[in-house]
Amino acid sequence: MAVAAVAVAAVAVALVSCSVSYKFNGASIDYSKTKTIQIADFPIRSSYVWAPMASIFNNELKDIFANNTRLIQVRNNGDLKIEGEITQYSQRNKAVTAEGTSAQAELSMTVNVRFTNNANHNEDFERQFTATTSFETTQSFTAVQEELVTQMVEDITDQIFNATVANW
């Protein structure tokens, strides 16, 4: 009987002293040390510009952290800080028809990110993230541009999320 009581007590102590947290969104955040995140608006610094791109990117970046973490977004002095700029947005021909005209084009977007983890500065970095997508030139670029930019923004914000809080 005493052995069973000791075993139950040992298991109880082990359960209280250890906590394992599994997140299906991939975030691995120690919420006892990291409670807030500061996400600056990213300006467009590219020579080629599509004005709605900045707001699409900035909203998606904030949304991915709001929807997949318990971090509180603050304007200043965040435990985590993400800032940067959209440095490149370009379109180039990818495939040519037999007549010598463009059959397919590729759209590309690059974002420079500076990440600061005030709880662990060993995780700080400055890095570029890029996404590309292609479209048939039989489609009007203005008709597909928003969809293509949205796809690239989702890709880049996923990359940023994984690099900053998922530790992948």
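Everything that follows concerns the structure shown earlier in this document.
Residues numbered from 1 in each chain as written. Predicted model: local features only at pLDDT ≥ 70, side-chain atom pairs only at ≥ 80, totals over all residues. Heavy atoms only, no water.

**Section: the overall build of the protein chain**
Next, step 1: When helices and strands are tallied, the protein chain shows three helices and five strands.
Next, step 2: In sequence order, the secondary structure elements of the protein chain are arranged as α-β-α-β-β-β-β-α.
Next, step 3: The burial tally for the protein chain puts 36% of its 168 residues in the buried class.
Next, step 4: Intrachain contacts of the protein chain at a sequence separation of at least 6 include 70% that bridge at least 24 residues.
Next, step 5: Carbon together with sulfur atoms contributes 52% to the accessible area of the protein chain, which is approximately 10000 Å² in total. (Helix = DSSP H or I, 4+ residues; strand = E, 2+ residues; numbered from the N terminus. Buried < 20%, exposed > 50% of the residue type's maximum accessible area, 1.4 Å probe, protein only. Contact = heavy atoms within 4.5 Å. Areas by Shrake-Rupley, 256 points an atom, 1.4 Å probe, with all protein chains shown as cover.)

**Things to note about the packing of aromatic side chains**
Next, step 1: Using the criterion set out here, one finds six aromatic pairs in the structure.
Next, step 2: Here the aromatic rings of Tyr-48 and Tyr-89 are separated by 5.1 Å at their centres, their planes lie at 5°, and the arrangement is stacked. Of this pair, Tyr-48 sits in the loop between β1 (36–39) and α2 (52–68) while Tyr-89 sits in strand β3 (residues 80–96), and the two are 41 residues apart along the sequence.
Next, step 3: In this structure Tyr-89 comes out as buried when scored by relative accessible area, which is 1%.
Next, step 4: Above the ring of Tyr-31, the side-chain terminus of Arg-70 is found at 3.9 Å from the ring centroid.
Next, step 5: Over the aromatic face of Phe-125 sits the side chain of Arg-127, whose NZ or CZ is 4.2 Å from the ring centroid. (Phe/Tyr/Trp six-rings, centres within 6.5 Å; stacked < 30°, edge-to-face > 60°. Lys NZ or Arg CZ within 6 Å of the ring centre and 35° of its normal.)

**Some thoughts on the pattern of salt bridges**
Next, step 1: What the rule picks out here adds up to six salt bridges.
Next, step 2: Notably, a salt bridge pairs Glu-83 with Lys-81, separated by 3.9 Å at the nearest N-O pair.
Next, step 3: Using a relative accessible area of 23% as the deciding quantity, one classes Glu-83 as partly exposed.
Next, step 4: Across the pair Arg-114 and Glu-85 runs a salt bridge whose closest N-O atoms are separated by 3.0 Å. (Salt bridge = Lys/Arg side-chain N within 4 Å of Asp/Glu carboxyl O.)

**A word on the nonpolar core**
Next, step 1: Membership of the largest hydrophobic core comes to 39 residues, with the highest contact counts inside it found for Phe-57, Phe-65, Tyr-89, Met-109 and Val-149.
Next, step 2: Listed by contribution, the elements that provide at least two residues to this core are β1, α2, β3, β4 (102–117), β5 (125–136) and α3 (141–166).
Next, step 3: If you tally residues by element for this core, the top one is α3, at eleven residues.
Next, step 4: Residues in contact with Phe-57, not counting those within four places in the same chain, are Phe-42, Ile-86, Met-109, Val-111, Val-153, Ile-156, Thr-157 and Ile-160. (Core = buried A, V, L, I, M, F, W, Y, C linked by side-chain atoms within 4.5 Å.)

**Description of the side chain of Thr-110**
Next, step 1: Mapped onto the fold, Thr-110 is located in strand β4.
Next, step 2: Beyond its immediate stretch of four places on either side in the chain, Thr-110 contacts Glu-85, Ile-86, Thr-87, Gln-88, Gln-128, Phe-129 and Thr-130.

Honestly, that's just the spatial picture; any functional story needs more than this.
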